[in-house]
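Fold and contact review
The primary structure of each chain is shown beneath.
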Amino acid sequence: MPFYHKLGKIPHKRHTIFKKPDGSLYYEQLFGTIGFDGMSSNLYHEHRPTQVKEIKGSYNVAPKIAIENNLKSYRFKGFQVVPAPDYLESRKAVLTNQDCTIILASPQNTTQEYFYKNADCDELIFIHKGSGKLRTHLGNLDFKYGDYLLIPRGTIYKIDFDDENNRLFIVESHRPIYTPKRYRNHFGQLLEHSPFCERDLRQPYELETNDEKGDFLIKIKKNKEIFDTVYATHPFDVVGYDGYNYPYAFSIHDFEPITGRIHQPPPVHQTFETDAFVVCSFCPRLYDYHPESIPAPYSHSNIDSDEVLYYVDGDFMSRNDIEAGHISLHPAGIPHGPHPGAVERSIGQTETEELAVMVDTFRPLQVTEEGMKIADDFYHKSWLDHKHE
Ligand SMILES: [Fe+2]
């Protein structure tokens with residue numbers, strides 16, 4: 001996260017004596033990424049954050065691959081993912097590669113019994129349905145429909161949901177997720193031509209500090225295993241921190257679309273980047289205003305990337321028969337484009353209400369068994385003049 005944040009109480013100098021009211025010490029932890037080269041924060045704990053009591057065991061959560069090498073376009077009906085009471089059990093990996101995993105989840109209950117930490121990946125959670133509070137050891141964030149929650153690897157968290165009706169689109173990334181570099185200046189500040197700025201990014205505002213001792217279960221995901229790890233102190237025991245490494249929220253509704261006289265390419269919708277994939281937000285906007293413009297996109301060969309589009313809301317002009325909660329996968333290697341009739345019906349239209357999230361991966365995606373449960377196996381023929389011909 002490329003700007004500084006401070007929450008709670010911290011000493012005047014880092015790595016110096018910082019005393020509790022009773023005269024004993026607070027315990028410092030550098031919470032960093034990419035060795036000592038990436039974003040980091042300095043945390044001050046009530047207790048030493050290292051007190052592992054027991055590692056009770058582990059279980060494998062690697063996605064089960066159904067299609068290893070894929071050239072077929074697919075549609076997945078995301079709302080067919082069956083809701084589950086538990087947050088972690090509700091997460092169903094649909095697509096995956098070495099760099100990232102795309103997950104759909106419909107959790108019904110607030111996480112009660114455990115804390116969760118993903119030690120492998122940053123997590124980007126898009127809230128399609130539901131609202132509540134993300135609670136972390138670095139402070140809390142309220143969320144609602146349309147929010148992206150960016151949770152850096154190593155963040156210990158729980159999620160409180162306001163009710164049982166929740167739909168999440170999650171990208172787990174082995175590579176750090178940043179805002180696009182081309183929108184930032186040398187110092188990291190978002191520039192004037194960026195479709196959003198620091199004011200739109202919400203930082204944690206509420207630090208929960210518990211000094212309890214006991215048995216605290218943290219489910220730690222590492223190398224596709226979840227380790228049930230019992231700590232002797234409460235994971236939320238931070239009294240303060242400062243730095244650049246913390247979770248934050250950004251609403252897709254705060255993305256300001258970039259439009260033009262003729263069709264603008266997908267990078268104008270870019271919201272996040274990694275060195276293995278990009279994330280774009282397609283938001284309600286005015287269409288191209290050249291008198292002879294064709295607002296529908298042209299067919300394109302994304303020869304170097306698999307394209308995943310998650311449809312959130314509105315009317316998806318270029319697609320026939322696509323509904324909210326659907327995912328389309330247009331794999332690298334073959335061209336794709338508007339469905340039959342979509343180019344013609346786009347002419348003369350002035351605006352769109354579409355809302356969608358796109359993930360373009362630079363390495364091919366594999367389709368999982370969970371993905372195939374909700375797959376439309378005929379979608380790849382949907383560009384024929386007569387469907388299913
Ligand atoms: Fe595309």
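The paragraphs below set out a description of the structure included in this document. All values reported here derive from a predicted model rather than from experimental measurement. Numbering of residues begins from 1 in every chain and follows the order in which that chain's sequence is written. The model is predicted, so local features are restricted to residues of pLDDT at least 70 and side-chain atom pairs to those at 80 or more, both for listing and for counting; the totals for chains, interfaces and linings are taken over all residues. Hydrogens and water molecules were not included; the side-chain quantities draw on all heavy atoms of the structure.

With that out of the way, let us pick up the sheet that holds strand E21 (residues 270–273). Strands were regarded as paired on the criterion that DSSP finds at least two bridges between them. Runs of H or I in DSSP of at least four residues are treated as helices and runs of E of at least two as strands, each being numbered from the N terminus. Across the sheet, seven strands lie side by side as E21-E22-E27-E24-E25-E6-E29; this open sheet has antiparallel pairing. What marks the edges here is a single partner per strand, and that holds for E21 and strand E29 (375–376). Two elements, strand E6 (residues 74–77) and E29, share two bridges in a ladder whose sense is antiparallel. Of the residues in E29, the one forming a bridge with Phe-76 is Ala-375.

Here the focus is the nonpolar core. Side chains that are nonpolar tend, in soluble globular proteins, to be buried together. Counting residues in each nonpolar core, the largest one holds 49 residues, and the members touching the most others are Phe-76, Leu-95, Tyr-148, Phe-169, Phe-272 and Val-357. Working rule for contacts: check all heavy atoms of both residues, and any pair within 4.5 Å makes them a contact. When residues no more than four places from it in sequence are discounted, the contact partners of Phe-169 are Ile-102, Ile-103, Leu-104, Leu-124, Ile-125, Phe-126, Tyr-310, Ile-327, Val-357 and Val-359. Judged by nonpolar contacts, the second largest core, of 21 residues, contains Tyr-87, Leu-134, Ile-170 and Ile-226. For our purposes a nonpolar core is just a set of buried Ala, Val, Leu, Ile, Met, Phe, Trp, Tyr and Cys residues, chained together by side-chain atoms within 4.5 Å. In this scheme, a residue with accessible area under 20% of its type's maximum is buried, one over 50% is exposed, and one in between is partly exposed, where area comes from a 1.4 Å probe on protein chains only.

Moving on, we come to the coordination of the iron ion. Donor atoms from the polypeptide that bind the iron ion are His-300 (NE2), Glu-307 (OE), Glu-307 (OE) and His-336 (NE2), placed at 2.0 to 2.6 Å. The rule for donors is simple: an N, O or S atom within 2.8 Å of the metal counts, and for Na, K and Ca the reach is 3.2 Å. Water is not among the atoms, so a site may look short of donors. Between 85 and 135 degrees for all angles marks four donors as tetrahedral; over 155 degrees for opposite donors together with 65 to 115 for all other angles marks four donors as square planar and six as octahedral; every other arrangement is irregular. Taken together, the four donor atoms coordinating the iron ion and their angles of 54 to 164° define a geometry best described as irregular. We note that the donor set of the iron ion lies within a single chain, spaced as H-x6-E-x28-H. You can see His-300 sitting in the loop between strand E23 (285–286) and strand E24 (306–313) and its partner His-336 sitting in the loop between strand E25 (326–330) and helix H2 (342–346), a full 36 residues away along the chain. Among the residues examined, His-336 registers a relative accessible area of 6% and is labelled buried.

Here we have seven strands laid out as an open sheet, ordered E4-E18-E17-E9-E14-E11-E12, and mixed in their pairing. For this open sheet the edge positions go to strand E4 (52–60) and strand E12 (139–143), each flanked by a neighbour on one side alone. Adjacent strand axes in the sheet meet at a mean angle of 25° when their direction is disregarded. Looking at chain direction, strand E9 (residues 115–118) and strand E14 (residues 156–161) are connected through two bridges and run antiparallel. Directly across from Tyr-116, in E14, lies its bridge partner Tyr-157. Every angle, taken between N-to-C directions, lies between 0 and 180 degrees, and every axis is a line fitted to C-alpha atoms, over only the stretch in contact when it is a helix.

Let us now look at the side chain of Arg-135. Along the chain, Arg-135 falls in strand E11 (residues 132–136). Under this definition, polar contacts are N or O atom pairs within 3.5 Å; protein pairs additionally need one hydrogen-donor-capable and one acceptor-capable atom, and for neighbouring residues in sequence, both atoms have to be side-chain atoms. Of the polar contacts made by the side chain of Arg-135, one reaches the side chain of Glu-208; its length is 2.7 Å. When residues no more than four places from it in sequence are discounted, the contact partners of Arg-135 are Asn-140, Ile-156, Tyr-157, Lys-158, Asp-160, Glu-208 and Phe-236.

The rule for a salt bridge is simple: a side-chain nitrogen of Lys or Arg has to be within 4 Å of a carboxyl oxygen of Asp or Glu. In total, this model carries 18 salt bridges according to the counting rule given. With a closest N to O distance of 3.7 Å, Lys-20 and Glu-46 form a salt bridge. Of the two residues, Lys-20 is situated in the loop between strand E1 (5–8) and strand E2 (27–32) and Glu-46 in the loop between strand E3 (40–45) and E4; the sequence distance between them amounts to 26 residues. Its relative accessible area of 13% is what places Glu-46 among the buried residues. The closest approach of N and O atoms between Glu-172 and Arg-91, which form a salt bridge, is 3.3 Å. With Glu-172 in strand E15 (residues 167–173) and Arg-91 in strand E7 (residues 91–96), the pair connects residues that are 81 residues apart, well separated along the chain.

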